[in-house]
Each structure stands twice: as C-alpha cells, then as structure tokens.
Amino acid sequence: MPFGDGTGSRGKGRGLGRGRGLGMGRGRTLGLSTRGNSEQTAVITIDSKKCTGCGTCISVCPTGALSIVNEKAKLDQLRCRNCRACVAACPTGAIT
C-alpha cells in the first residue's frame, strides 16, 4: 500500500516522478513556483490618474488579480502572474 509521499511499503517508488500525482517525485517541489523567478523585474503598475475604472482589465485577467476600489483599478501582486493581458486591454494606457 503506497504512502502519501509516493513510497510503497518497501520504500520503492520515490524519485520516479511520473504517475505519482502530486507526490515528491523527481522534479517536484513543495508547491513553489518557478514562474516568479528573480530575473523577472518587470512589475505591473497602475497610474491612478489615467485609470477611469472601466473594468476592462478585470475581464481579461486570467488570475483575478485586478479589482475596482474607489472607482480605480487595484492590482493584487500576489495573484498577478505578469501575463500583461491587462496592459494590452487597458483603453487609457493606465496599466504599464
């Protein structure tokens, strides 16, 4: 009977990675993502003077990182994956 870490009853199976679901096989991490690596320095910013609060950016954001607060767009940096879809969608150029 396999244990939760991917090992079997005799300790076999660790390190195989393939077919182990979310276990600790080869190439697996403890839920850490490599998408936000340190080489990526570009950060999405919102110019509140240009923002009209139209909500176009919210409708294109795949992670739901944008919201409207006090009639202006607000970005949740923790949810943002820097896909820049909001930058392309913003009609006033408030998001860079």
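Our subject is the structure that appears above.
In this text, all values refer to a predicted model and were calculated from it rather than measured experimentally. (Residues numbered from 1 in each chain as written. Predicted model: local features only at pLDDT ≥ 70, side-chain atom pairs only at ≥ 80, totals over all residues. Heavy atoms only, no water.)

A. Spatial organisation of the overall build of the chain. Along the backbone of the chain there are two helices and two strands. When the helices and strands of the chain are read in sequence order from the N terminus, they spell out α-β-β-α. Within the chain, buried positions represent 22% of all 96 residues. For the chain, long-range pairs separated by at least 24 residues make up 42% of all intrachain contacts whose partners lie at least 6 apart in sequence. When the accessible surface of the chain is totalled, it reaches about 7200 Å², and 53% of it is carbon and sulfur. (Helix = DSSP H or I, 4+ residues; strand = E, 2+ residues; numbered from the N terminus. Buried < 20%, exposed > 50% of the residue type's maximum accessible area, 1.4 Å probe, protein only. Contact = heavy atoms within 4.5 Å. Areas by Shrake-Rupley, 256 points an atom, 1.4 Å probe, with all protein chains shown as cover.)

B. The arrangement of the pairing of strand β2 (residues 72-75) in detail. Residues Ala 73 and Leu 75 point to one face of β2 and are all buried, whereas Lys 72 and Lys 74, pointing to the other face, are not buried. In this structure, the hairpin formed by strand β1 (residues 66-69) and β2 is closed by a connection of two residues, where Asn 70 is found at a positive phi of approximately 55°. (Pairing = 2+ DSSP bridges.)

C. Expanded view of the pairing of β1. Bridging between β1 and β2 involves four bridges; their strand directions are antiparallel. Each bridged residue has a counterpart across the sheet, and for Val 69 the counterpart in β2 is Lys 72.

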